[in-house]
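Spelled out from the first residue to the last, the chains are:
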Amino acid sequence: MNRTIEVASDRQGVIDKALEIVLHKATEAIATRDNFTIALSGGSTPKPLYEAIAALDLPWDKINVFWGDERYVPADHPDSNQRMARLAWLDRVPIPARNIHAMATTFTDPVVAATTHEEDLKQFFALKEGEIPVFDVVLLGIGDDAHTASLFPHTEALQVSDRLVTVGSKDGQPRLTFTVPVLNRARCTIFMVTGTSKQPALEAIFAPTGDDFSYPARLVRPQGEVWWLLDRDAGAKYAKTD
Ligand code: 6PG
């Protein structure tokens, strides 16, 4: 794992660096594969990043947007990750509708939703049986409990390795989430972490040993680049002293 920890003075510094990396990876992917695939994270941290991307003039027809996880609510619900990204970014740019690969939450049974999205991924990436999609960029955050995507501590979703998408659970509420094997295939993973409340989680995640099922973000050890973009409030202790 090629991990870089970068501590910015504030949240805007985290967003600026994330934007720089995303644009670099998009340029690289489009130049080499004529296509850029990015999986978005939800929560509140990434919203200014999505707003910054929306302000740019990019080759939108070559950019495909996915989500690493989704709350099991309607797409117009205030908690929807899809809704947040559409309002902050996707509704503001001429990206083709076919390039937006939302996790549908319209099925009564979230398991059907997970299976359906898995089929969407297999089709888009033209996957053979058993193959795992390789995203150019996966954006992630962490919770105060060191969850990431919708992989919460001590939940069954953490151990699912034979699926691409599974049903996570937060306090009994269903969520859809990429599984660990999918997260670990990304070419470039960017964690954006801000705020003092994330300090204990970061400590547990970066500790040389620890219980991965208590601190799920520890399970994310991609083969590609991993950027941990922290603001000073969250990660002052990891700032380079040179
Ligand atoms: C979600 C996210 C989740 C998020 C963390 C951090 O659906 O909530 O995907 O994993 O990244 O909970 O959220 P904040 O950015 O709001 O701290």
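Described in the following lines is the structure provided in the data block. Counting of residues starts from 1 at the beginning of each chain's written sequence and follows it residue by residue. With pLDDT at 70 or above as the cut-off, local features in this predicted model cover only qualifying residues; side-chain atom pairs require 80 or more to be listed or tallied, and sums for whole chains, interfaces and linings still use all residues. Only hydrogens and water are removed before side-chain values are computed, so all heavy atoms of the structure are retained for them.

### What about the packing of aromatic side chains?
Centre-to-centre distance and the angle between the planes together describe a pair of aromatic rings. Let me state the cut-off plainly: Ring pairs shown here join Phe, Tyr and Trp side chains whose ring centres sit within 6.5 Å, with only the six-membered ring taken for Trp; geometry is labelled stacked below 30 degrees between planes, edge-to-face above 60, and tilted in between.
Within this structure, the stated rule accounts for eleven aromatic pairs. Linked through ring pairs, Phe66, Phe124, Phe125, Phe135 and Phe178 together constitute an aromatic cluster.

### With respect to the layout of surface pockets
The test is simple: A pocket here means an open set of points on a 1 Å grid, computed over the protein atoms alone, that has protein on both sides within 12 Å along at least five of seven lines. A cavity is instead a set of points where a 1.4 Å probe fits but cannot get out; residues with an atom within 4 Å of a point line either one. Grid points are joined across faces, edges and corners, and a volume is the space filled by probe spheres set on the points. The nonpolar class holds Ala, Val, Leu, Ile, Met, Phe, Trp, Tyr, Cys and Pro. Asp, Glu, Lys and Arg form the charged class, and all remaining residues, Gly among them, are polar.
In this structure, the largest pocket occupies an estimated 370 Å³ of space. What lines the largest pocket is a set of 22 residues, among which Gly42, Gly43, Ser44, Ile142 and His147 lie closest to the centre. Among the residues forming the lining of the largest pocket, the class breakdown is five nonpolar, eleven polar and six charged. The calculated volume of the second largest pocket comes to roughly 190 Å³. Lining the second largest pocket, in full, are Arg33, Asn35, Thr37, Phe124, Phe125, Leu127, Ile132, Pro133, Val134, Asp136 and Arg187. Considering only residue class, the lining of the second largest pocket consists of six nonpolar, two polar and three charged.

### Remarks on helix H2 (residues 47-54)
In plain terms, the rule: Throughout, exposure labels follow a simple rule: accessible area from a 1.4 Å probe, protein chains only, divided by the maximum for the residue type, with under 20% read as buried, over 50% as exposed, and the rest as partly exposed. Strands here are runs of E lasting at least two residues and helices are runs of H or I lasting at least four, both read from the DSSP assignment and numbered beginning at the N terminus. The directions considered for the arc run from the helix axis to the C-beta atoms.
Inspection of H2 places Leu49, Tyr50, Ile53 and Ala54 among the buried residues, and these make up the whole buried set. All buried residues of H2 fall inside an arc of 140 degrees around its axis, so they share one side.

### Quick look at empty space enclosed by the protein
The full count for this structure, using the stated rule, is one cavity of 30 Å³ or more. Lining the largest cavity are Val22, Ala26, Phe36, Ile38, Ile53, Leu58, Ile63 and Trp89. When grouped by side-chain class, the residues that make up the lining of the largest cavity number eight nonpolar, no polar and no charged.

### Observations concerning unusual backbone geometry
For Asp34, which is not a glycine, the phi torsion comes out positive at approximately 55 degrees. Relative to the assigned elements, Asp34 resides in the loop between helix H1 (11-33) and strand E2 (36-40).

### Quick look at the sheet that holds strand E6 (residues 137-140)
Under the convention used in this document: When DSSP locates at least two bridges between a pair of strands, those strands are taken to pair. Any two residues whose heavy atoms approach within 4.5 Å are treated as being in contact. In this description, a line fitted to the C-alpha atoms serves as the axis of each element, helices being fitted only across the stretch in contact, and the angle between N-to-C directions of two axes falls anywhere from 0 to 180 degrees.
Read from one edge to the other, the open sheet built from seven strands follows the order E1-E10-E9-E6-E2-E3-E5, with strand pairing classed as parallel. Taken across any chain shown, the strands that pair with only one partner, and hence form the sheet edges, are strand E1 (2-8) and strand E5 (100-101). Sheet topology note: the strand E9 (residues 188-193)/strand E10 (residues 225-231) ladder contains six bridges and is parallel. Paired with Ile190 across the bridge in E10 is Trp227. Running at roughly 160 degrees to E10, H1 makes contact with E1, E2, strand E3 (63-67), E6, E9 and E10 of the sheet.

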